[in-house]
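Descriptive structure summary
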Amino acid sequence: MSCSRRTQSEREFARALKVIPGGVNSPARAFGAVGGHPLIIDRGEGQYLYDIDGNRYIDFVGSWGPHILGHRHPRVISRIEEALKKGTSFGAPTLLETELAELVAELVPCVEKVRMVNSGTEAAMSAIRLARGFTGRDKIIKFAGCYHGHVDSLLVQAGSGALTLGTPSSPGIPQGCTADTVVLEYNDLDQIRDTFAQQGDQIACLILEPVVGNMGVVLPEPGFLETIRELCSKNGTVFIMDEVMTGFRVGLGGAQQRFGITPDICMLGKVIGGGMPVGAYGGKSEIMDTISPVGTVYQAGTLSGNPIAMASGIATLECLKETNPYPQLEENTQRLTEGLRSAATKAGSPHTLAECGSMFTLFFNPDKVTNYTISARNDVELFARYFQGMLDRGIYLPCSQFEANFTSAMMTDDDINQTIQAAGEVLQEIA
Ligand SMILES: *Cc1c(COP(=O)(O)O)cnc(C)c1O
């Protein structure tokens, strides 16, 4: 099947460009790294996306993570419809907020109490303020290549040489905002030990993606999370796991359950809203009770805990809990990644593939990717050609080499076979 006729998308994108910067409301959608124009989406159904030209695509983006159950899952849609009949927002407590909080506390190991916000970015911003307020310290540690939303203090790149303080990675961020952010290399335990040895008593929190999705999928090496857990406990540093992508994705209890390492605080987003804008941060009561109105650390939100968004999240988590799609999802994903690996080997493309649960990245890089320095060497031009070839064959991949691909519980053997076959053709063509 060829999806090369995309003239309506092209025309409508040109129209959007006149009134929206770059034509998009989030830059990752703009096809900047692969060229051409984005598809304008008409609708989603299960594992498929349909663009306004009427082409159908197998969707490996899933709205960048939320749609583990596929688009328009009947249980999710009917819960949203039920909530809609009662009103869209009240700015006062509803039962739905308590229900979703109870589900999160039941399913996510570190969570005793949880606060809902509207995005992963907001969760990161709030969790960091909380950790600083709780510890009375200013410094934070983050890792190069981990993304935690567009928070000022976290949009930072490593300075020259290890153990230096970060510099802003975007104009518009005052130097002062990142002056207390230490940027380290993922999976480098020596750097972490040195940093804690030198300034452990000043570090409010360490924040990381327990499985990175935002430099492509990168797994924690054995001992990495364990050592961080130990160092944080010893130094009174709040260990924050950003599970915005991995939460309810690499398993029902997220990466913390999968790896058996419990952080002090975790952030959630994406799957927790089932496609509606929801973020959350939660953890030990002792720490969470530092937030107002119980404590003095201020954090608020007019539409936080919005009933439509809560209904969507509740239906999604309940469905995941009751149907446990994870073993099947993982088996399907492995079959797919094995197929992709052998297609790449057959075509002679330099590659490595990383996966965890239903997330994976086919890197055009001969080396195992364990950190940002290695990921930065990916062949992005080869990726761009791969992406376009797949798009022409009805396969919708994330439009950057530095992203995670997601499978959904709706994908069938046929979808997987079709994807493997397309990859085989494209990789031969571009080799
Ligand atoms: C997507 C993402 C965020 C940001 O969430 P938004 O809802 O886009 O603000 C933060 N952390 C991780 C790990 C993410 O994948």
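Residues numbered from 1 in each chain as written. Predicted model: local features only at pLDDT ≥ 70, side-chain atom pairs only at ≥ 80, totals over all residues. Heavy atoms only, no water.

Some thoughts on the overall build of the chain
Looking only at helices and strands, one finds 14 helices and 16 strands in the chain. Here the C-alpha radius of gyration of the chain, 21 Å, is about what a compact globule of 431 residues would show, namely 22 Å. When its C-alpha atoms are laid out on the principal axes, the chain stretches across 60 × 55 × 45 Å. At a minimum sequence separation of 6, the contacts of the chain that also span at least 24 residues come to 72%. Approximately 17900 Å² of the chain is accessible, and the part contributed by carbon and sulfur atoms is 51%. A gap of 3 Å separates the mean positions of the 35 positive and 48 negative side-chain charges of the chain. (Helix = DSSP H or I, 4+ residues; strand = E, 2+ residues; numbered from the N terminus. Rg over C-alpha atoms; globule rule 2.2 N^0.38 Å. Contact = heavy atoms within 4.5 Å. Areas by Shrake-Rupley, 256 points an atom, 1.4 Å probe, with all protein chains shown as cover. Lys, Arg positive; Asp, Glu negative; His and termini not counted. Charge placed at Lys NZ, Arg CZ, Asp CG, Glu CD.)

Comments concerning the packing of aromatic side chains
Taken as a whole, this structure holds 10 aromatic pairs when the rule is applied. Measuring from ring centre to ring centre gives 5.8 Å for Phe143 and Tyr186, while their planes differ by 85°; the resulting arrangement is edge-to-face. With a gap of 43 residues between them, Phe143 in strand E5 (residues 139–143) and Tyr186 in the loop between strand E8 (181–184) and helix H6 (189–199) connect regions that are remote in the sequence. Exposure remark for Tyr186: the relative accessible area of 1% places this residue in the buried category. Each residue in the set Phe31, Phe364, Phe383, Tyr386 and Phe387 is aromatic and connected to the rest through ring pairs, giving one cluster. Arg43 extends its terminal NZ or CZ atom over the ring of Tyr50, reaching a point 4.0 Å from the ring centre. (Phe/Tyr/Trp six-rings, centres within 6.5 Å; stacked < 30°, edge-to-face > 60°. Buried < 20%, exposed > 50% of the residue type's maximum accessible area, 1.4 Å probe, protein only. Lys NZ or Arg CZ within 6 Å of the ring centre and 35° of its normal.)

As for the sheet that holds strand E3 (residues 56–59)
Taken together, the four strands give an open sheet; going across it, the order is E1-E2-E3-E15, and neighbouring strands pair in mixed fashion. Looking along the sheet, the strands with just one partner apiece sit at the ends: strand E1 (41–45) and strand E15 (395–396). Where strand E2 (residues 48–51) meets E3, three bridges bridge the pair, whose relative direction is antiparallel. Each residue of the ladder has a partner; that of Leu49, found in E3, is Tyr57. Packed on one face of the sheet, helix H14 (residues 413–430) meets E2, E3 and E15 and runs near 100° to E3. (Pairing = 2+ DSSP bridges. Axes fitted to C-alpha atoms, helices over the stretch in contact; angles between N-to-C directions.)

Observations regarding the environment of Lys321
Take Lys321: it is sitting in helix H10 (residues 307–323). By relative accessible area, which is 37% here, Lys321 ends up partly exposed. The spacing of Lys321 and Gly236 is 85 residues in sequence and 34 Å in space, taken between C-alpha atoms. Sequence-distant contacts of Lys321, that is, excluding residues within four places in its chain, are made with Leu103, Glu106, Leu107 and Leu252.

Some words on the domain arrangement of the chain
Here the chain is partitioned into domain 1 (7–60 + 325–430) and domain 2 (74–323). Taken together, the contacts link 25 residues of domain 1 with 25 residues of domain 2. With both chains or domains summed, domain 1 and domain 2 bury close to 2000 Å², and 59% of this area falls on carbon and sulfur atoms. Considering only the surface of domain 1 that becomes buried against domain 2, Tyr326, Cys356 and Met359 emerge as the three largest contributors, covering 32% of it. For the salt bridge of Arg258 with Glu330, the shortest nitrogen-to-oxygen distance reads 3.1 Å. The tally of links between domain 1 and domain 2 comes to 11 residue pairs in polar contact (both at pLDDT 80 or more). Only helix H11 (326–347), strand E13 (352–356), strand E14 (359–363) and helix H12 (372–375) provide two or more residues apiece to the side of domain 1 that touches domain 2. Each residue belonging to the side of domain 1 that touches domain 2 can be placed in one class, and the counts come to 12 nonpolar, nine polar and four charged. (Domains from an automatic or database assignment. Buried area = accessible area lost by both parts, 1.4 Å probe. Salt bridge = Lys/Arg side-chain N within 4 Å of Asp/Glu carboxyl O. Polar contact = N/O pair within 3.5 Å; in protein donor to acceptor, adjacent residues only side chain to side chain. Nonpolar A, V, L, I, M, F, W, Y, C, P; charged D, E, K, R; others polar.)

With respect to the site of the ligand
Residues in close proximity to the ligand include Ser119, Gly120, Thr121, Tyr147, His148, Gly149, Glu209, Asn214, Asp242, Val244, Met245 and Lys270, which together make up its full environment. At 2.6 Å, a side-chain N or O of Asp242 approaches a nitrogen atom of the ligand. Alone, the ligand offers 380 Å² of accessible surface; in the complex the protein occludes 82% of this. For the shell around the ligand, the class distribution of residues is three nonpolar, six polar and three charged. (Near = heavy atom within 4 Å.)

Regarding the nonpolar core
Membership of the largest hydrophobic core comes to 70 residues, with the highest contact counts inside it found for Val104, Phe143 and Phe248. For this core, the element with the highest residue contribution is H10, accounting for nine residues. Taken domain by domain, this core gets at least three of its residues from each of domain 1 (7–60 + 325–430) and domain 2 (74–323). Ranked by size, the runner-up nonpolar core spans 37 residues in total, among them Phe31, Leu39, Leu353 and Met411. (Core = buried A, V, L, I, M, F, W, Y, C linked by side-chain atoms within 4.5 Å.)

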